[in-house]
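One letter stands for each residue in the lines below.
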Amino acid sequence: MTSILAINGSYRKGGVTDQAVGAMSEALRAAGADVEIVFLREYPIEFCKNCRECTQPPGNVPGVCVQKDGMQELIDKIEKSDGFILAAPTNFGSVSAVFKRFMERLVCYAYWPWGKAAPRYRKKEVPPKKAVLVSSCAAPGIIGRLFYTSGKDLKAAAKTIGAKPVGIAFTGLAAGVPGYRLSEREQAKARAMALKLLKG
Ligand SMILES: Cc1cc2nc3c(=O)[nH]c(=O)nc-3n(C[C@H](O)[C@H](O)[C@H](O)COP(=O)(O)O)c2cc1C
(Lines give C-alpha, C1' and ligand atoms only; values in the text may rest on other atoms or scores of the structure.)
Protein backbone atom coordinates (compact mmCIF):
# COMPACT_ATOMS: atom_id res chain seq x y z
CA MET A 1 0.00 0.00 0.00
CA THR A 2 1.29 3.47 -0.86
CA SER A 3 1.92 5.49 2.26
CA ILE A 4 1.57 9.26 2.13
CA LEU A 5 2.69 11.59 4.88
CA ALA A 6 1.05 15.02 5.13
CA ILE A 7 3.01 17.64 7.08
CA ASN A 8 0.71 20.51 7.96
CA GLY A 9 2.19 23.83 9.14
CA SER A 10 -1.05 25.70 9.87
CA TYR A 11 -1.86 27.08 13.33
CA ARG A 12 -5.57 26.91 12.80
CA LYS A 13 -7.79 23.89 13.36
CA GLY A 14 -10.28 23.69 10.49
CA GLY A 15 -8.59 26.55 8.60
CA VAL A 16 -7.87 26.68 4.88
CA THR A 17 -4.77 24.49 5.12
CA ASP A 18 -6.55 21.85 7.21
CA GLN A 19 -9.41 21.81 4.70
CA ALA A 20 -7.12 21.41 1.67
CA VAL A 21 -5.03 18.72 3.36
CA GLY A 22 -8.25 17.03 4.53
CA ALA A 23 -9.69 16.95 0.99
CA MET A 24 -6.43 15.55 -0.38
CA SER A 25 -6.21 12.90 2.32
CA GLU A 26 -9.80 11.77 1.73
CA ALA A 27 -9.16 11.37 -1.99
CA LEU A 28 -5.95 9.43 -1.38
CA ARG A 29 -7.57 7.14 1.19
CA ALA A 30 -10.51 6.50 -1.16
CA ALA A 31 -7.95 5.49 -3.79
CA GLY A 32 -6.42 2.96 -1.39
CA ALA A 33 -3.46 4.88 0.04
CA ASP A 34 -2.49 4.99 3.68
CA VAL A 35 -2.35 8.64 4.81
CA GLU A 36 -0.98 10.07 8.04
CA ILE A 37 -1.34 13.77 8.84
CA VAL A 38 1.23 15.38 11.13
CA PHE A 39 0.08 18.71 12.59
CA LEU A 40 3.27 20.63 13.32
CA ARG A 41 1.31 22.84 15.76
CA GLU A 42 0.96 19.77 18.01
CA TYR A 43 4.37 18.27 17.38
CA PRO A 44 7.22 18.59 19.88
CA ILE A 45 9.97 20.07 17.70
CA GLU A 46 12.60 22.44 19.08
CA PHE A 47 14.52 25.07 17.10
CA CYS A 48 17.68 23.97 15.31
CA LYS A 49 20.74 24.82 17.44
CA ASN A 50 23.00 25.18 14.38
CA CYS A 51 25.57 22.86 15.99
CA ARG A 52 25.86 20.93 12.67
CA GLU A 53 26.52 17.62 14.47
CA CYS A 54 23.85 15.95 12.31
CA THR A 55 25.53 17.15 9.10
CA GLN A 56 28.95 15.62 9.76
CA PRO A 57 28.51 11.89 8.98
CA PRO A 58 28.54 11.15 5.20
CA GLY A 59 25.89 9.08 3.42
CA ASN A 60 22.35 9.40 2.16
CA VAL A 61 20.52 8.76 5.41
CA PRO A 62 19.67 11.77 7.59
CA GLY A 63 22.13 12.54 10.37
CA VAL A 64 21.04 12.25 14.00
CA CYS A 65 20.22 15.42 15.94
CA VAL A 66 21.66 16.02 19.40
CA GLN A 67 18.21 17.10 20.59
CA LYS A 68 15.89 14.38 21.84
CA ASP A 69 12.46 15.66 20.83
CA GLY A 70 9.84 14.59 18.29
CA MET A 71 11.98 15.29 15.21
CA GLN A 72 13.61 11.84 14.98
CA GLU A 73 10.18 10.20 15.02
CA LEU A 74 9.08 12.57 12.23
CA ILE A 75 12.20 11.80 10.19
CA ASP A 76 11.52 8.07 10.57
CA LYS A 77 8.02 8.71 9.19
CA ILE A 78 9.46 10.74 6.28
CA GLU A 79 11.96 8.01 5.44
CA LYS A 80 9.25 5.31 5.44
CA SER A 81 6.75 7.29 3.33
CA ASP A 82 6.34 6.96 -0.44
CA GLY A 83 5.09 10.52 -1.01
CA PHE A 84 4.21 13.76 0.73
CA ILE A 85 1.74 16.58 1.13
CA LEU A 86 3.67 19.62 2.40
CA ALA A 87 1.40 22.41 3.58
CA ALA A 88 1.75 25.83 5.17
CA PRO A 89 -0.19 29.10 4.97
CA THR A 90 1.52 32.26 3.75
CA ASN A 91 2.39 34.47 6.71
CA PHE A 92 4.33 37.69 6.08
CA GLY A 93 5.12 36.43 2.59
CA SER A 94 6.62 33.04 3.49
CA VAL A 95 5.69 29.75 5.14
CA SER A 96 4.45 29.89 8.74
CA ALA A 97 7.08 29.99 11.48
CA VAL A 98 6.14 26.51 12.70
CA PHE A 99 6.85 25.14 9.21
CA LYS A 100 10.11 27.11 9.00
CA ARG A 101 11.21 25.69 12.33
CA PHE A 102 10.56 22.18 10.95
CA MET A 103 12.48 23.06 7.75
CA GLU A 104 15.52 24.21 9.67
CA ARG A 105 15.62 20.87 11.46
CA LEU A 106 15.77 19.21 8.02
CA VAL A 107 19.42 20.27 7.95
CA CYS A 108 20.09 16.64 8.97
CA TYR A 109 19.31 15.86 5.29
CA ALA A 110 22.49 17.73 4.35
CA TYR A 111 26.03 16.41 4.38
CA TRP A 112 27.97 19.49 5.43
CA PRO A 113 31.28 18.74 7.08
CA TRP A 114 33.27 21.55 8.67
CA GLY A 115 35.46 23.23 6.09
CA LYS A 116 32.90 22.94 3.27
CA ALA A 117 31.30 26.26 2.28
CA ALA A 118 28.02 24.70 1.21
CA PRO A 119 26.02 21.59 2.08
CA ARG A 120 25.31 18.66 -0.26
CA TYR A 121 21.79 17.24 -0.39
CA ARG A 122 21.99 13.68 0.96
CA LYS A 123 19.05 12.61 -1.25
CA LYS A 124 20.54 14.05 -4.45
CA GLU A 125 21.49 10.68 -5.94
CA VAL A 126 18.47 8.81 -4.58
CA PRO A 127 15.44 8.35 -6.93
CA PRO A 128 12.98 11.08 -5.91
CA LYS A 129 9.63 10.50 -4.22
CA LYS A 130 6.70 12.81 -5.09
CA ALA A 131 5.23 15.74 -3.18
CA VAL A 132 2.23 18.01 -3.57
CA LEU A 133 2.44 21.44 -2.00
CA VAL A 134 -0.34 23.43 -0.34
CA SER A 135 -0.47 27.11 0.57
CA SER A 136 -2.96 29.95 0.80
CA CYS A 137 -3.03 33.69 1.29
CA ALA A 138 -5.31 36.69 1.66
CA ALA A 139 -4.08 38.23 -1.61
CA PRO A 140 -5.20 36.90 -5.01
CA GLY A 141 -3.56 33.54 -5.77
CA ILE A 142 -1.52 34.87 -8.69
CA ILE A 143 0.06 37.49 -6.39
CA GLY A 144 0.81 34.82 -3.84
CA ARG A 145 2.40 32.51 -6.36
CA LEU A 146 4.48 35.23 -8.00
CA PHE A 147 5.54 37.44 -5.11
CA TYR A 148 5.53 35.35 -1.95
CA THR A 149 8.19 32.77 -1.11
CA SER A 150 5.83 30.22 0.48
CA GLY A 151 5.74 28.12 -2.71
CA LYS A 152 9.53 28.25 -2.99
CA ASP A 153 9.92 27.39 0.69
CA LEU A 154 7.70 24.33 0.33
CA LYS A 155 9.66 23.32 -2.80
CA ALA A 156 12.91 23.62 -0.86
CA ALA A 157 11.54 21.39 1.90
CA ALA A 158 10.46 18.81 -0.71
CA LYS A 159 13.88 18.83 -2.38
CA THR A 160 15.63 18.44 0.97
CA ILE A 161 13.72 15.29 1.90
CA GLY A 162 14.25 13.86 -1.60
CA ALA A 163 10.89 14.62 -3.19
CA LYS A 164 9.92 16.19 -6.51
CA PRO A 165 6.89 18.51 -6.43
CA VAL A 166 4.16 17.40 -8.86
CA GLY A 167 1.81 20.30 -8.14
CA ILE A 168 0.90 23.15 -5.85
CA ALA A 169 -2.59 23.93 -4.59
CA PHE A 170 -2.36 27.63 -3.82
CA THR A 171 -5.62 29.21 -2.64
CA GLY A 172 -5.81 32.98 -2.94
CA LEU A 173 -8.42 35.35 -1.47
CA ALA A 174 -8.67 32.91 1.43
CA ALA A 175 -9.02 35.40 4.28
CA GLY A 176 -11.95 37.63 3.31
CA VAL A 177 -14.32 36.21 5.90
CA PRO A 178 -13.79 34.44 9.22
CA GLY A 179 -14.05 30.70 8.79
CA TYR A 180 -13.43 30.71 5.02
CA ARG A 181 -14.61 27.44 3.46
CA LEU A 182 -12.92 26.04 0.37
CA SER A 183 -15.36 26.00 -2.55
CA GLU A 184 -16.36 22.70 -4.19
CA ARG A 185 -14.11 23.66 -7.12
CA GLU A 186 -11.11 24.31 -4.84
CA GLN A 187 -11.68 21.02 -3.04
CA ALA A 188 -12.00 19.13 -6.34
CA LYS A 189 -8.74 20.69 -7.52
CA ALA A 190 -7.00 19.66 -4.30
CA ARG A 191 -8.32 16.10 -4.59
CA ALA A 192 -7.21 15.77 -8.22
CA MET A 193 -3.78 17.15 -7.41
CA ALA A 194 -3.31 14.72 -4.51
CA LEU A 195 -4.05 11.75 -6.76
CA LYS A 196 -0.96 12.67 -8.82
CA LEU A 197 1.00 11.21 -5.91
CA LEU A 198 -0.29 7.76 -6.84
CA LYS A 199 0.36 7.98 -10.60
CA GLY A 200 3.35 6.35 -12.34
C1 LIG B 1 0.38 36.53 10.89
C2 LIG B 1 -0.27 36.46 9.54
C3 LIG B 1 0.44 36.87 8.43
C4 LIG B 1 -0.14 36.81 7.17
N5 LIG B 1 0.59 37.26 6.10
C6 LIG B 1 0.01 37.26 4.88
C7 LIG B 1 0.71 37.78 3.77
O8 LIG B 1 1.87 38.20 3.86
N9 LIG B 1 0.07 37.82 2.57
C10 LIG B 1 -1.22 37.36 2.41
O11 LIG B 1 -1.76 37.42 1.30
N12 LIG B 1 -1.88 36.79 3.45
C13 LIG B 1 -1.33 36.75 4.68
N14 LIG B 1 -2.00 36.22 5.74
C15 LIG B 1 -3.29 35.51 5.51
C16 LIG B 1 -3.12 33.98 5.55
O17 LIG B 1 -2.18 33.57 4.58
C18 LIG B 1 -4.44 33.26 5.27
O19 LIG B 1 -5.40 33.66 6.21
C20 LIG B 1 -4.28 31.76 5.26
O21 LIG B 1 -5.28 31.23 4.47
C22 LIG B 1 -4.37 31.14 6.64
O23 LIG B 1 -4.31 29.72 6.58
P24 LIG B 1 -5.04 28.82 7.69
O25 LIG B 1 -6.52 28.98 7.47
O26 LIG B 1 -4.56 27.44 7.46
O27 LIG B 1 -4.65 29.38 9.01
C28 LIG B 1 -1.46 36.29 7.01
C29 LIG B 1 -2.17 35.88 8.15
C30 LIG B 1 -1.59 35.99 9.40
C31 LIG B 1 -2.40 35.58 10.61
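Small disclaimer: the values here were computed from a predicted structure and weren't measured.

**Topic: the overall build of the chain**
Argument step 1. The helix and strand inventory of the chain stands at six helices and nine strands.
Argument step 2. In terms of overall size, the chain behaves like a compact globule, its C-alpha atoms giving a radius of gyration of 17 Å where 200 residues would be expected to give roughly 16 Å.
Argument step 3. For the chain, the C-alpha atoms occupy an extent of roughly 50 × 40 × 30 Å along the three principal directions.
Argument step 4. Looking at the chain as a whole, 39% of its 200 residues are labelled buried.
Argument step 5. A separation of at least 24 residues holds for 80% of the contacts in the chain among residues at least 6 apart in sequence.

**Topic: the sheet that holds strand 3 (residues 83–87)**
The strands making up a sheet associate through hydrogen bonds between their backbones, and the pairing can be parallel or antiparallel.
Argument step 1. Overall, parallel pairing links the five strands, which are arranged 2-1-3-8-9 in an open sheet. The open sheet has two edge strands with one neighbour each: strand 2 (34–39) and strand 9 (163–171). For this sheet, the mean angle separating the axes of adjacent strands, direction not counted, is 15°.
Argument step 2. Of the strand pairs in this sheet, strand 3 and strand 8 (residues 129–136) are connected by five bridges, and their pairing is parallel. Paired with leucine 86 across the bridge in strand 8 is leucine 133.
Argument step 3. Lying over the sheet, helix 6 (residues 184–195) contacts strand 3, strand 8 and strand 9, oriented at roughly 180° with respect to strand 9.

**Points about the site of the ligand**
Argument step 1. The full set close to the ligand counts 18 residues, and Ser10, Gly15, Thr17, Pro89 and Cys137 are the nearest of them.
Argument step 2. Those elements giving two or more residues to the shell around the ligand turn out to be helix 1 (16–30) and strand 4 (90–91).

**As for helix 5 (residues 150–160)**
Since the α-helix advances by 3.6 residues per turn, residues separated by three or four positions end up pointing in the same direction.
Argument step 1. Taken as a whole, helix 5 has its buried residues at Ser150, Gly151, Asp153, Leu154, Ala157, Ala158 and Thr160.
Argument step 2. Taken from the residues just after helix 5, glycine 162 is the one with a positive phi, measuring 85°.

**Brief notes about the packing of helix 1 against helix 6**
Argument step 1. Where helix 1 contacts helix 6, the two axes come as close as 8 Å, and the packing angle between them is 50°. Judged by the angle between their axes, helix 1 and helix 6 are oblique. Of the two possible hands of crossing, helix 1 and helix 6 adopt the one that is right-handed. On helix 6, the residues touching Ala20, Ala23, Met24, Ala27 and Leu28 of helix 1 are Gln187, Ala190, Arg191, Ala194 and Leu195.
Argument step 2. Among the residues making up the contact of helix 1 with helix 6, the classes are represented as eight nonpolar, one polar and one charged.

Criteria and cut-off values
Residues numbered from 1 in each chain as written. Predicted model: local features only at pLDDT ≥ 70, side-chain atom pairs only at ≥ 80, totals over all residues. Helix = DSSP H or I, 4+ residues; strand = E, 2+ residues; numbered from the N terminus. Rg over C-alpha atoms; globule rule 2.2 N^0.38 Å. Buried ≥ 20, exposed ≤ 12 C-beta atoms within 10 Å, placed from the backbone. Contact = placed C-beta atoms within 7 Å. Pairing = 2+ DSSP bridges. Axes fitted to C-alpha atoms, helices over the stretch in contact; angles between N-to-C directions. Near = placed C-beta within 6 Å. Parallel < 35°, antiparallel > 145°, perpendicular 65-115°, else oblique. Left-handed = near helix turned anticlockwise from the far one by under 90°. Nonpolar A, V, L, I, M, F, W, Y, C, P; charged D, E, K, R; others polar.

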